[in-house]
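Chain and residue survey
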Amino acid sequence: MSRFGPLEIAARPSGAQAALRGRLEDLRAQMLEVSERLNVLSLPARLPPEILLEIFLTHAARVQKNQLDRVLSDGKRARKVSSYYKWIYVAHVCRHWREVALSCTEFKAYHVFDAWTVPYDTLFWGHDPRALGDIPHSIVYHQNSTDRCDRCVPKSLSQLGLDHIDDFLPRIKHLAIIIEDDEGTRALWECLSAAAETLESLRIGGGAWVYHTMEFGSRFTIPDQLFASCTPRLRTLTTSYVSFSWSNALLCPSLQHLEITGHQGHEPTTDMATFIGALTRLVSLETLIMDCAPVIGQPSGLVAHLQRLRLFQLSTTLDQAATLLTHLHLPTFTTISIRFTRHAHHIPPEALSSLSQSLSRLMKDTPLRSMSWNVPPRGLAMFVGVSESNRPSSIRAWTDTKVDLQQLWALGSDVLPRLTIAEETDAIVPALLPFLRLPALTALQIVGPISSNEEWSRKFAGAPNVSLLQVTGRVGYRLGRNLKMSTLPLDVQTSTYAGAAASVVMPHLRTIRYVQVRFPPPRRPSDFRSPRGGKPGECCCDNVEFVDGRWGPRGIDVQDLVNGLQTRLTLGADPIERVEFVECAHMKLSHMQSLLREDLTVVFDGVFLAVKRSP
């Protein structure tokens, strides 16, 4: 293209050029018209306003909840108010979506403000929201202070947020309070002293940054008579890092969801008995989530019958969990999840026995039929970037046998386990397994780098009817050694068992399945001292044992498996009928010779290498 000087004038376009430009403008207008028609005919534009509005409300609720969770989970305190309104971007897609969003009264009844800045108009409507009348409102309130000096900010300004709440209190449906500063907390409780007959969900959180001292402790304690003890429609109560009495009026019979995080305790000597008494009044409770449990305190004979409870999730110590479960009676459909946060150096057998008896009582009508035991990496593998290092030690168990086992055992399965027990370390779960009585258990999965010298199979002496055993990881290297163990102790002097006859572990086992358990690779053990030649983050503790200065097995010991199967027959166990290998690397037929000579079916990645000959 030519350049023109300051005194030069561009030549006037010719008639042909002008005609072509006019035609180009006409084509652009036609393209825009066709594009608009195409958008009108698209599915999002043809959705009825009622369906589109439900989609918008679901999206807005998810954005608001995620923002509120982020505020309460970190120590950076409040975020900008506009972060709660990111859902409004859906109104920027097209004119139809914007019209639907602006016509929604639920959007106009959602307010976020703090103690110092109260907006009397919202992001996209220019009138006072109090003019909406009796429409139920949702409010997120940040109880905080300001960095400005007293000269710039009048003393009465800190009451603006409370005055705003007071105006909406008779018609608040959802209320979330984030306490960032102890200043004005007493005024907040006074503001919430009137009845809240329309309140359905309440969330009060102080966040982990809130300090609890003797001087300010009462400021973070929810009064017993909040809302004048009148919340007839309250369905959801969530608290975090605030204290309250277990006799608080908020624990009303209408509650369906109760979630408590960071409760500091109220009266340690009577908290457990008062808490059980409060649960007896929560006849409609469906979800109970706690990351703490009351101090055991004085013994109590009360038992809470929670006939509608669907989820019971508890994070606490072993003693508190064992004591609490003895006072609960749960229905057969309740999902129980227990996570042990810490433990002493000595694990009392009395607590393990009490917890096992409580679990057996709760599972009596619907016994556990399949289980997965996940063992976290040990040694140096805990400090390298392997995916398994982030998994806690846990057991998961199900009662349903109609669902495919691989779907059940997969992490993140859609089918919730009937029972989940996890811990931050790897001490309580292995100690608890021998106390569990699992007579109906038929399928068992074990995942992890269990040492070949560890006698883990005896932990399942209470599960004699297991017919399918699936192993993943280093636990399958010397599987035969554990399969031939007796459930009775061996007398070292006489080399005989303590009973009249030896009882082998899992006597009715019929199928063994190896999943992602490798065979010995064609390398030397010293090759695993560094990640050289292996996967990123691989070390000697992932695939090769190094115990007491000696290298252990590097893969599946097939001869050890055959010896174990033969010993089981002499101890009176049922014969193994099928051995499967799924995604097991480095396999050679020379590895399988001793196994193929046995009378059983051998399958490798769906290919039958041998078929059982005898009926």
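First things first, this report covers the structure right here in the doc. (Residues numbered from 1 in each chain as written. Predicted model: local features only at pLDDT ≥ 70, side-chain atom pairs only at ≥ 80, totals over all residues. Heavy atoms only, no water.)

1. Description of the overall build of the protein
The line we're drawing: To qualify as a helix, a DSSP run of H or I must reach at least 4 residues; to qualify as a strand, a run of E must reach at least 2; elements of each kind are numbered from the N terminus. Note on contacts: a residue pair is in contact if any heavy atoms of the two residues lie within 4.5 Å. Accessible surface is estimated by sampling points in the Shrake-Rupley manner with a 1.4 Å probe; for residues, cover comes only from the protein chains shown.
Looking only at helices and strands, the protein features 16 helices and 26 strands. Within the protein, counting contacts between residues at least 6 apart in sequence, those at least 24 apart form 71% of the total. Working note: accessible area of the protein is about 31,600 Å², and carbon and sulfur atoms make up 54% of it.

2. Considerations on the pairing of strand β9 (residues 287-290)
For the record, the criterion: Classification of residues uses two cut-offs on accessible area relative to the type maximum, computed with a 1.4 Å probe and protein chains only: under 20% is buried, over 50% is exposed, and between them is partly exposed. Between any two strands, at least two bridges found by DSSP are needed for them to pair.
Across the two faces of β9 the burial is the same, with Thr287 and Ile289 and Leu288 and Met290 all buried. Across four bridges, the pairing between strand β8 (residues 257-261) and β9 is parallel. Note that in β9 the partner of Glu259 across the bridge is Ile289. Here β9 pairs with strand β11 (residues 311-316) via four bridges, running parallel. Paired with Leu288 across the strands is Phe312, a residue of β11.

3. Re the packing of helix α9 (residues 318-325) against helix α10 (residues 349-362)
Applicable threshold: Angles run from 0 to 180 degrees between N-to-C directions of axes, and those axes are lines fitted to C-alpha atoms, restricted for helices to the stretch in contact. Should the near helix be turned anticlockwise from the far one by less than a right angle, the crossing is termed left-handed; should it be turned clockwise, right-handed. Classes in brief: Ala, Val, Leu, Ile, Met, Phe, Trp, Tyr, Cys and Pro nonpolar; Asp, Glu, Lys and Arg charged; the others, Gly included, polar.
Two numbers describe how α9 lies on α10: the axes approach to 9 Å, and their chain directions differ by 35°. As α9 packs across α10, the resulting crossing turns out to be left-handed. In this structure, α9 contributes Leu318, Asp319, Ala322 and Leu325 to the contact, and α10 contributes Ala351, Leu352, Ser354, Leu355, Ser358, Leu359, Arg361 and Leu362. Tallied by class, residues from the contact of α9 with α10 come to eight nonpolar, two polar and two charged.

4. Some words on the nonpolar core
This is how it is decided: Among buried residues, those of type Ala, Val, Leu, Ile, Met, Phe, Trp, Tyr and Cys that are joined through side-chain atoms within 4.5 Å constitute a nonpolar core.
Counting residues in each nonpolar core, the largest one holds 117 residues, and the members touching the most others are Tyr514, Phe581 and Leu595. Each residue touching Phe581, except ones within four places of it in the same chain, is listed here: Tyr514, Phe519, Ile556, Met592, Leu595, Val602, Val603, Phe604 and Asp605. Counting residues in each nonpolar core, the second largest holds 22 residues, with Leu52, Tyr84, Val90 and Ala101 among its members.

5. Considerations on helix α15 (residues 558-570)
At 3.6 residues per turn, the α-helix brings residues three or four places apart onto the same side. Quick reminder of the rule: In a helix, the anticipated span is given by 1.5 Å times the number of residues less one. The term polar contact refers here to a pair of N or O atoms within 3.5 Å; inside protein, the definition further demands a hydrogen-donor-capable atom paired with an acceptor-capable atom, and it admits residues adjacent in sequence only when both atoms are side-chain atoms.
Helix length check: α15, at 13 residues, gives a terminal C-alpha distance of 19 Å against a target of 18 Å (1.5 Å per residue), a fit within 8%. Burial in α15 covers these residues: Val558, Asp560, Leu561, Val562, Gly564, Leu565 and Arg568. Residues of α15 that are buried make contact with α13 (479-483), β21 (511-515), β24 (578-582) and α16 (589-596). N-cap assignment for α15: the residue whose side-chain oxygen lies 3.4 Å from the backbone N of Gln559 is Asp557.

6. Description of the environment of Ser360
When you line up the elements, Ser360 lands in helix α10. A relative accessible area of 31% places Ser360 in the partly exposed class. Ser360 sits 77 residues away from Arg437 along the chain, and the two C-alpha atoms are 7.0 Å apart.

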